[in-house]
Amino acid sequence: VLMFCIFSNVRYSNPKLMHIGHQYMAQTFDPKQFNGLLELQTFHISPDKGLGIFTFDNQENMAKNLPNLKDFNKDYEDRFSCKITVDTGILNPELSYKA
């Protein structure tokens, strides 16, 4: 079964804002607003870079939720002086490994 993903790559102009941004997300972001969302993972890659992976149950739900996520991202960019780029992709569980 394929899973459909939205990848949000975040680059902060001030690395000190990443922690504050993460706190804001933890307090205000409601993943239940996205129909078909199976999983949300976030990664701190470097002091000024982060990654969010939103995994959906089907391509239609991924596409339907993309505009809402982009609206949220625009507000987040304005609040935390960052740039967010969004890509979509497919996760093939047969090529994933979890110990």
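Throughout what follows, the structure given in this document is the object of discussion. The model shown is predicted, which means the values in this text are computed figures rather than measured ones.

## Re the environment of Thr85
Moving on, step 1. By secondary structure assignment, the location of Thr85 is in strand β4 (residues 82–91).
Moving on, step 2. Classification of Thr85 as partly exposed rests on a relative accessible area of 40%.
Moving on, step 3. Between the C-alpha atoms of Thr85 and Gly50, which are 35 residues apart in sequence, the distance is 11 Å.
Moving on, step 4. In contact with Thr85, not counting residues within four places along its chain, are Phe7, Ser8 and Asn9.

## Re unusual backbone geometry
Moving on, step 1. A positive phi angle, close to 45°, is found at Ser81, a residue other than glycine.
Moving on, step 2. Within the fold, Ser81 resides in the loop between α2 (59–80) and β4.

What counts, and where the lines are drawn
Here the residue numbering is sequential within each chain, running from 1 through the sequence in written order. In keeping with the model being predicted, local features are shown solely for residues with a pLDDT of at least 70 and side-chain atom pairs are shown and tallied solely at 80 or more, while totals for entire chains, interfaces and linings include all residues. The basis for every side-chain value is the complete set of non-hydrogen atoms in the structure, without hydrogens or water. Note on conventions: DSSP H or I runs of at least 4 residues are helices, E runs of at least 2 residues are strands, and numbering of each starts at the N terminus. Remark: exposure states derive from per-residue accessible area (1.4 Å probe, protein chains only) relative to the maximum for the residue type, with buried under 20%, exposed over 50%, and partly exposed in between. We call two residues in contact when some of their heavy atoms are within 4.5 Å.

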